[in-house]
Amino acid sequence: MSRRRTCALVLSLLLLVLGGAGQAQAVGYRYWSFWDLTGGKWTYATQGPSTARPSDGDVQGFRFAVSADSQDASKPRGHADFASICAKTPARAGHKRVALVIDSGTTADAPGGETPPAPRTVCARVPADATTAEALATVAKPLRYDTNALLCAIAGYPGTGCGEQVATSRTAPSTTAKADADAKDNARDNADAKSETARHGPSLGLLAGVVAVAALGGAAVWQTRRRRP
């Protein structure tokens, strides 16, 4: 085998390894994410609805979608403000009013065969010490939880599934297993939503492929030199 043909073979194999890594699918989870409206902007909640205790006048949102982590999560859609959502709900002593935005997402994120309800807003008037989960329960029944207290369904949607892993078609660097686990735990616990940005880098498979190609190239060159007269 000539040196030129050897180099061409090594280059072809290297391109196959690198190209395959770029085509890897991202991994996400289908779940209800929880948000706070702060300064007119949605921010991912720093704790789950079962422990969050909003104040009178707060606006909070829920969005159903497939997300890899908190940085990737889809925000509730549409305009939201406390004055318009709770305009017809008068204040009451010993109670608070919490404006809730419930966005069931799009058909692309829906489990197979299900149609997401239209987004809606609702004002929950609850005791002053109530959690967000308790406020949600007064205005969006039936709620469905799994055995680990993960909020699986709001107002009966979706009818099946609960935080399941979903392969997405996005072309992106590989997300580490730890980042995926953090996203899953955030949805599962609904109590610790502190985000951890997914760390990216060359995968172990990619590095192993590059090493293998380099070794193959070195062996081929060595064989070529041995065969020289």
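Reference entry: report on the structure contained in this document. As the structure is a prediction and not an experimental result, all values here were calculated from the model.

## Things to note about the pairing of strand 4 (residues 95-103)
Side chains on a regular strand alternate between the two faces of the sheet. For strand 4, a buried count of eight out of nine residues is recorded, marking the element as mostly surrounded by other parts of the structure. Of the strand pairs in this sheet, strand 3 (residues 59-67) and strand 4 are connected by five bridges, and their pairing is parallel. Residue pairing for strand 4: Gly61 is matched across the bridge by Val101. Across eight bridges, strand 4 lies against strand 5 (residues 120-127) in antiparallel orientation. Paired with Leu100 across the strands is Val122, a residue of strand 5.

## Concerning helix 3 (residues 132-139)
One turn of an α-helix holds 3.6 residues; hence residues three or four places apart share an orientation. All of the buried residues in helix 3 are Thr132, Ala133, Ala135 and Leu136. Angular distribution of buried residues about the axis of helix 3 spans 160 degrees; they occupy a single face of the element.

## Description of the state of the cysteines
In this structure the tally under the stated criterion is two disulfides. Along the protein chain, the cysteines engaged in disulfide bonds are linked according to the scheme 1-2, 3-4 when indexed in sequence order.

## Things to note about the nonpolar core
Among the nonpolar cores identified, the biggest contains 20 residues, and Trp32, Phe62, Leu100, Ile102, Leu136 and Ile154 are the most heavily contacted of them. Secondary-structure elements contributing two or more residues to this core are strand 1 (25-38), strand 3, strand 4, strand 5 and helix 3. Among residues more than four places away in sequence, those in contact with Trp32 are Phe62, Arg63, Phe64, Ile102, Asp103, Ser104, Leu151, Cys152, Ala153, Ile154, Tyr157 and Pro158.

## Regarding unusual backbone geometry
In the segment running from Lys141 into Pro142, the intervening peptide bond is cis, with an omega of 0 degrees. On the secondary structure map, Pro142 appears in the loop between helix 3 and strand 6 (144-145). The omega torsion of the bond from Tyr157 to Pro158 falls at -5 degrees, within 30 degrees of zero and hence cis. Phi is positive for Ala149, which is not a glycine, with a value near 70 degrees. By the element assignment, Ala149 lies in the loop between strand 6 and strand 7 (151-153). Under the relative-accessibility criterion, Ala149 is labelled partly exposed at 43%. Unlike most non-glycine residues, Ala155 shows phi in positive territory, near 55 degrees. Looking at the element boundaries, Ala155 is found in the loop between strand 7 and strand 8 (165-171).

The rules behind the values
- Residues numbered from 1 in each chain as written.
- Predicted model: local features only at pLDDT ≥ 70, side-chain atom pairs only at ≥ 80, totals over all residues.
- Heavy atoms only, no water.
- Buried < 20%, exposed > 50% of the residue type's maximum accessible area, 1.4 Å probe, protein only.
- Helix = DSSP H or I, 4+ residues; strand = E, 2+ residues; numbered from the N terminus.
- Pairing = 2+ DSSP bridges.
- Arc of directions from axis to C-beta.
- Disulfide = S-S within 2.5 Å.
- Core = buried A, V, L, I, M, F, W, Y, C linked by side-chain atoms within 4.5 Å.
- Contact = heavy atoms within 4.5 Å.

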